Amino acid sequence: MIKFLFKGLMRDRSRSLFPILTVVIGVMLTVFIYNWINGAQFNFIDSNARFNTGHVKIMSRAYAREADQVPNDLALIGVQSLVDKLQEEYPDMIWTPRIRFGGLLDIPDAEGETREQGPVMGMAVDLLSAGSNEPGIFKLEEALVRGRVPQRAAEILISEDFARRLKVQPGDTATLISVTMQGSMAVANFTVAGTIRFGVEAMDRGAMIADIADIRAALDMEDAAGEILGFFGDFMYRDPQASQITTRFNAAHGDDPDEFVPVMDTLLHQAGMTDLMAMLKMFSGLVLVVFIAVMSLVLWNAGLMGSLRRYGEIGVRLALGETKTHIYRSLIWESLMIGVLGSLIGTAVGLAESYYLQAHGLNIGFMMKNASLFISNVLRAKVSPVSYVIGFIPGLAATFLGSSVSGTGIYRRQTSRLMKELES
Amino acid sequence: MENSYLIETRDLVKTYPMGEHTIVALDKVNLKFEKAEFTGLVGPSGSGKTTLLNIIGSLDSPTSGSAVVMGRKVEGLSHKQASALRNHHIGFIFQTFNLLPVYTVFENVEFPLLLLDYSAAERRKMTMVALDWVGLADRTRSKPAQLSGGQSQRVAIARAVVKKPALILADEPTANLDAENSHHILQTMERLNRDLGTTFVFATHDEKVIDYLRRKITLFDGAVAKDERMEPQRPGGEKR
Ligand SMILES: Nc1ncnc2c1ncn2[C@@H]1O[C@H](COP(=O)(O)OP(=O)(O)OP(=O)(O)O)[C@@H](O)[C@H]1O
Ligand SMILES: [Mg+2]
């Protein structure tokens, strides 16, 4: 019987083509949008982790409270022993200290007088020690536009746009004017080794990346660091695990009232990430619900018109001794076949598009001009195992709902009424 | 008692509400049909022929009175029981053929057997036998749209007889056919009636059909006006 229904369905284009197309489009969009949101979320988490929050981050309690003002006078001290201890306790994680700093970058002319000057957002990380993970975390080689990655002390990278604004070439000298940990003025000379563009608006406006040893010397921060970032070895953020580590770490210092005690926080807890993620989740859930609703309506309508046209056929089948329940079930079977077929095709198309956009991405830099979010300008879709099944939810739910509702028309009509349709 | 007749109606009444009035489609019809009859219901348009066939065929139920078909009271059957009665014992033939357009000739004839849980091999055999009866064994793969009216009606007959029902109800089976095809169809049905003992009840105003009948029941305004035994007039129509 199923085979019989399937044959009929495939031969009657009007009964299969339009509904399948509807399902294909709906499922395709669902898969696509899901992957898109997934990609945006991944991108957002990934960029944030690399440039800003780590998967977990340790700051002093006082520093954490005013973290956006980069209060280096409140930075952690005794960093080396802390990192060693962390490495021992969590050997699967990567721990790396960073110093953020603000200041002016001054470009001198041949006489040593100021030629150009601009405010700079600096980040000091371990660039030079052997086996450092930071060049990989920042993907410096990929981000490099001109020049090269720093290879010796006193070499820095600055963002390409910033370099253009200041008319700086690789090899030029730049002077950083900033404040030491104790609050006095700091001046240090660097050589611009290269320029970079991360494709993350917040990082590309006026950033400078320096080796942490140079900055420690310049800002008088020996064995100090504003923050210590922790990363999972595979660079995939796992919130439960991060929370667990954080709880464990903080338990050791929980009762200590000292302002300079190190406290750990997860990626999601920093900078309102939780809310953003919840919003993204809600948004993707909403998209799914809307698609199910709209598609159900469309298919219900198609089903309704379909069975209106088919009342003749249904009359014959009743006369041949088929029960209404049997016919109703067969309508649902048919719609499920349409649902499965449409979902398969829709998922395939949606995945193909998603894979394409996973590889090539879509530039949304123009939208991010003034954004301070750490999100890559090139949005990429991200295909996950869920992408393969997510489309079947609206695909099957909508066809099932649509046909179960429209199919009840059979019950509402008297057998003799259905027979009357035959006589026209 | 009632089992001795294939069909028996007692004071069968069917009315339709029509605004303030009621339309009386059947007015106290009392009829008995025996096995292997070849009977026609005639009468002017609106006299209740289709209504009577539909009630006998358990597609409709009477307003009052009773119709007993093969020992079952039609008015007391649930939807499911009525389906089972039609499924096992009754074949329908319609004026407009009503083949399922997306299915082949073979699949159309096979359809009633699908509902009866025959094995694929049995279905195949029975379908071919039925198509043989109507002379269309060579058109199994055709679609209804590729058939002439006469051929379509023969497929419909094959579909009605494939499960060898005791009773076949035919509502104006020749109304859409030319003379030659009508005769062909009628001869086929007559042969089935003779060979298988299938009871045929027609609704018709076609003179050609009337020539083949052995019993003619005339309805007028929903009541039985005349009930005559007759000798088939057609040379091809043989007596039993
Ligand atoms: N569903 C219905 N609602 C209202 N009236 C109906 C309905 N079905 C039949 N009737 C009425 O019942 C009467 C008998 O109709 P029926 O179809 O049985 O006539 P008939 O003898 O088959 O006519 P014809 O030769 O034109 O097919 C007619 O007056 C018809 O209008
Ligand atoms: Mg009629």
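Rules and cut-offs
- The written sequence of each chain sets the order in which its residues are numbered from 1.
- Following the order in which they are written, the chains are lettered starting with A and the ligands numbered starting with 1.
- Local features in this predicted model are restricted to residues whose pLDDT is 70 or higher, and side-chain atom pairs enter the listing and the counts only when it is 80 or higher, whereas totals over whole chains, interfaces and linings include all residues.
- Note: side-chain values were computed over all heavy atoms of the structure, leaving out hydrogens and water.
- What makes a residue near a molecule or strand is one non-hydrogen atom of that residue sitting within 4 Å of it.
- Residues adjacent in sequence count toward polar contacts only when both atoms are side-chain atoms; beyond that, a polar contact is any pair of N or O atoms within 3.5 Å, and within protein one must be able to donate a hydrogen and the other to accept it.
- Surface accessibility in these figures is a Shrake-Rupley result with a 1.4 Å probe; residues are shielded only by whichever protein chains are displayed.
- The secondary structure listing takes helices from DSSP runs of H or I that are at least 4 residues long and strands from runs of E that are at least 2 residues long, numbered from the N terminus.
- Note on residue classes: Ala, Val, Leu, Ile, Met, Phe, Trp, Tyr, Cys and Pro are nonpolar, Asp, Glu, Lys and Arg are charged, and everything else, Gly too, is polar.
- Each domain span listed reflects an automatic or database assignment of domains.
- Each Phe, Tyr or Trp ring, with Trp reduced to its six-membered ring, pairs with another whose centre is within 6.5 Å; inter-plane angles below 30 degrees give stacked pairs, above 60 give edge-to-face pairs, and intermediate values give tilted ones.
- Counted as over-ring charges are cases with an Arg CZ or a Lys NZ within 6 Å of the ring centre that also lie within 35 degrees of the ring normal.
- Residue contacts are counted whenever heavy atoms from the two residues lie within 4.5 Å of one another.
- Buried area adds together the accessible area that both of two parts lose upon being put together, with accessible area traced by a 1.4 Å probe.
- When a carboxyl oxygen of Asp or Glu is within 4 Å of a side-chain nitrogen of Lys or Arg, the pair counts as a salt bridge.

1. A few points about the site of ligand 1
Among the 14 residues in the neighbourhood of ligand 1, the closest are listed as S45, G46, K49, T50 and T51 of chain B. Per-site note: the chains with residues close to ligand 1 are chains A and B. Taking Y16 of chain B, its side chain carries an N or O atom lying 3.4 Å from a nitrogen atom of ligand 1. Burial of ligand 1 by the protein amounts to 72% of the accessible area it has alone, namely 630 Å². Breaking the shell around ligand 1 down by element, the ones donating at least two residues are strand 2 (21-33) and helix 1 (49-56) of chain B. For the shell around ligand 1, the element with the highest residue contribution is helix 1 of chain B, accounting for three residues. Its residues assigned to classes, the shell around ligand 1 comprises four nonpolar, seven polar and three charged.

2. Brief notes about the domain arrangement of chain A
For chain A, the assigned domains read domain 1 (2-47 + 275-423) and domain 2 (56-236). Put simply, the middle of domain 1 of chain A and the middle of domain 2 of chain A, counted by C-alpha atoms, are 50 Å apart.

3. Remarks on the packing of aromatic side chains
Inspection of every chain in the model, using the stated rule, returns 13 aromatic pairs over all chains. Aromatic ring contacts, followed pair by pair, group F4 of chain A together with Y103 and F111 of chain B into a single cluster. R50 of chain A extends its terminal NZ or CZ atom over the ring of F235 of chain A, reaching a point 5.0 Å from the ring centre. Note that K382 of chain A overlies the ring of F42 of chain A, its terminal NZ or CZ placed 4.5 Å from the centroid.

4. Side note on the interface of chain A and chain B
Counting residues at the interface gives 24 residues for chain A, matched by 24 residues for chain B. For the pair chain A and chain B, the summed buried area comes to about 2300 Å², and 66% of that belongs to carbon and sulfur atoms. By the criterion of area lost to chain B, the three top residues of chain A are F4, R11 and L320 of chain A, representing 32% of everything that side buries. Inspection of the chain A/chain B interface yields two salt bridges. As a salt-bridge pair, E107 of chain B and K7 of chain A come within 2.8 Å of each other at their nearest N and O atoms. Broken down by class, the residue content of the side of chain A that touches chain B amounts to nine nonpolar, six polar and nine charged.

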